[in-house]
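What follows is the residue order along each chain.
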Amino acid sequence: MKSKITLLAAFFLFLNVAVAQVKTVSESVFNIGEIKTIQSKILNERRTLNIYLPPTYNKDKAYPVLYLLDGSANEDFLHIVGLVQFYNMQFQMPDFIVVGIANVDRKRDFTFPTDAADLKKEFPTTGGSAKFINFIESELQPYIQSKYSTTETKFIIGQSLGGLLATEILLKKPQLFTHYLIVSPSLWWDNESLLKNAPALLEQNKNRTAEVYVAVGMKEHVTMIKDAKDMSIAFRNAKNPKVKFDFMEMANENHASILHQSINDIFKKMYPLKE
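Keep in mind that what you see is a predicted model, and the values were worked out from it rather than measured.

Conventions used here
Residues numbered from 1 in each chain as written. Predicted model: local features only at pLDDT ≥ 70, side-chain atom pairs only at ≥ 80, totals over all residues. Heavy atoms only, no water. Helix = DSSP H or I, 4+ residues; strand = E, 2+ residues; numbered from the N terminus. Rg over C-alpha atoms; globule rule 2.2 N^0.38 Å. Contact = heavy atoms within 4.5 Å. Areas by Shrake-Rupley, 256 points an atom, 1.4 Å probe, with all protein chains shown as cover. Lys, Arg positive; Asp, Glu negative; His and termini not counted. Charge placed at Lys NZ, Arg CZ, Asp CG, Glu CD. Pairing = 2+ DSSP bridges. Axes fitted to C-alpha atoms, helices over the stretch in contact; angles between N-to-C directions. Expected span 1.5 Å × (residues − 1). Buried < 20%, exposed > 50% of the residue type's maximum accessible area, 1.4 Å probe, protein only. Core = buried A, V, L, I, M, F, W, Y, C linked by side-chain atoms within 4.5 Å. Phe/Tyr/Trp six-rings, centres within 6.5 Å; stacked < 30°, edge-to-face > 60°. Lys NZ or Arg CZ within 6 Å of the ring centre and 35° of its normal. Salt bridge = Lys/Arg side-chain N within 4 Å of Asp/Glu carboxyl O.

A. Local environment of the overall build of the chain. Secondary structure summary: the chain contains 9 helices and 8 strands in total. Relative to a compact globule of 275 residues, whose C-alpha radius of gyration would be 19 Å, the chain shows 23 Å and is clearly more extended. Expressed along its principal axes, the backbone C-alpha trace of the chain runs to roughly 85 × 50 × 45 Å. Excluding contacts between residues fewer than 6 apart, the proportion of contacts in the chain whose partners are at least 24 apart in sequence is 73%. If you sum the accessible surface of the chain, you get close to 14,800 Å²; carbon and sulfur atoms cover 55% of it. Distance from the positive charge centre (32 side chains) to the negative charge centre (29 side chains) of the chain: 3 Å.

B. Representation of the sheet that holds strand β5 (residues 150–159) within the structure. Reading across from one edge, β1-β2-β4-β3-β5-β6-β7-β8 is the order of the 8 strands in this open sheet, with mixed pairing throughout. Here the strands that pair on one side only, and so sit at the sheet edges, are β1 (34–40) and β8 (243–250). Strand-to-strand twist of the sheet, defined as the mean angle between neighbouring strand axes without regard to direction, takes the value 20°. Bridging between strand β3 (residues 63–68) and strand β4 (residues 97–101) involves 4 bridges; their strand directions are parallel.

C. Local environment of helix α9 (residues 258–270). Taking 1.5 Å of rise per residue, 13 residues should cover 18 Å, and α9 covers 18 Å from first to last C-alpha, within 8% of that figure. Residues of α9 that are buried: Ile 258, Leu 259, Ser 262, Ile 263, Asn 264, Ile 266, Phe 267 and Met 270. Lining the buried residues of α9 we find β3, α2 (77–90), β5, β6 (179–183), β7 (210–217) and β8.

D. Local environment of the nonpolar core. Phe 132, Leu 140, Ile 144, Ile 169 and Tyr 180 are the most contacted members of the largest nonpolar core, which has 56 residues in total. Phe 91, Met 93, Tyr 213 and Leu 259 belong to the second largest nonpolar core, which has 28 residues in total.

E. Focus on the packing of aromatic side chains. Under the definition given, this model contains 15 aromatic pairs. Considering the side-chain rings of Phe 86 and Tyr 87, the 5.4 Å spacing of their centres and the 85° angle between planes classify their relative orientation as edge-to-face. Aromatic side chains Phe 96 and Phe 155 sit 5.0 Å apart centroid to centroid with 85° between the ring planes, which places their arrangement in the edge-to-face category. In this pair, Phe 96 sits in the loop between α2 and β4 while Phe 155 sits in strand β5, placing the two residues 59 residues apart along the sequence. On the accessibility criterion, Phe 96 (2% relative accessible area) is buried. On the basis of relative accessibility, which here comes to 1%, the residue Phe 155 falls in the buried class. Members of the aromatic cluster, connected to one another through ring pairs, are Phe 86, Tyr 87, Phe 91, Phe 267 and Tyr 271. Lying across the ring of Phe 112, Lys 172 places its NZ or CZ 5.4 Å from the centre.

F. Up close: the pattern of salt bridges. Inspection of every chain in the model, using the stated rule, returns 15 salt bridges. Close ionic contact of Lys 206 with Glu 203 constitutes a salt bridge, the shortest N to O distance being 3.1 Å. Judged by its relative accessible area of 48%, Glu 203 is partly exposed. Of the charged contacts in the structure, one is a salt bridge between Lys 226 and Asp 230, with a shortest N-O distance of 2.8 Å. Of this pair, Lys 226 and Asp 230 are both found in helix α8 (residues 222–238), 4 residues apart, which corresponds to roughly one turn of the helix. When its relative accessible area of 42% is taken as the criterion, Lys 226 is described as partly exposed. Three or more residues joined by partner-sharing salt bridges are found here, namely Glu 45, Arg 47, Arg 108 and Asp 109.

G. Seen up close, unusual backbone geometry. At Ser 160, a residue that is not glycine, the phi angle is positive and equals roughly 60°. Tracing the sequence through the fold places Ser 160 in the loop between β5 and α6 (161–172). Owing to a relative accessible area of 13%, Ser 160 belongs among the buried residues under this scheme. Here the phi dihedral of Ser 184 falls at roughly 45°; this positive angle occurs in a residue that is not glycine. Summarising the element assignment, Ser 184 is placed in the loop between β6 and α7 (189–204).

Shown next as structure tokens:
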């Protein structure tokens, strides 16, 4: 027993000596982006933006911008930026600026008004999407364009209620973005009223150009799957040659897993592997 204790003491002494010999050569903070706080007059509140710039960002060069709903640091910003960096490194994706819009009240900002009593009870702050879309158009996009060198290419990514908002923008103000990456949109909102109005809204904006990707997981709720399919049908029936529409049914994904995998697969469709 005594010999075991002696060996153990010798081991810890060796470990402490070894650790003591490892010295920090240098130390710095590892940053992947910038944090900006802006005051919105439209929303009457401060909004946080998480912004990723390409490592070789040059103000004399113009860059496309990807706007990410649910863009808080503890939501989707980090892993979407990781996909952007990976597809830029390994595939033919150009350098992008990524603007993550951090949430304050997503149920307020991503939904339009409803008369459904159950929804009003569950979502007491609901109905602010018109203001939020105005914030994107009148304050956020002009701010980004004034601070950074940007092209006319503008992506938006939204999932679930974020997908509902992205769909509302696509149908009502399609000029705000050139590319719509919509994942599992909550088209069930307000008894599917946006989905029901889609054919008329598509007709009103039939001269608009856009590239649209809609993805849904086959392991999601049946209503989510049905509504996404019906949205696909509405776009195909519109027969707008200026809109590229791609509907993706993802066999192995549920509502929790689909966002990362669907954006990965969309990027893979858009940008070939580097030779």
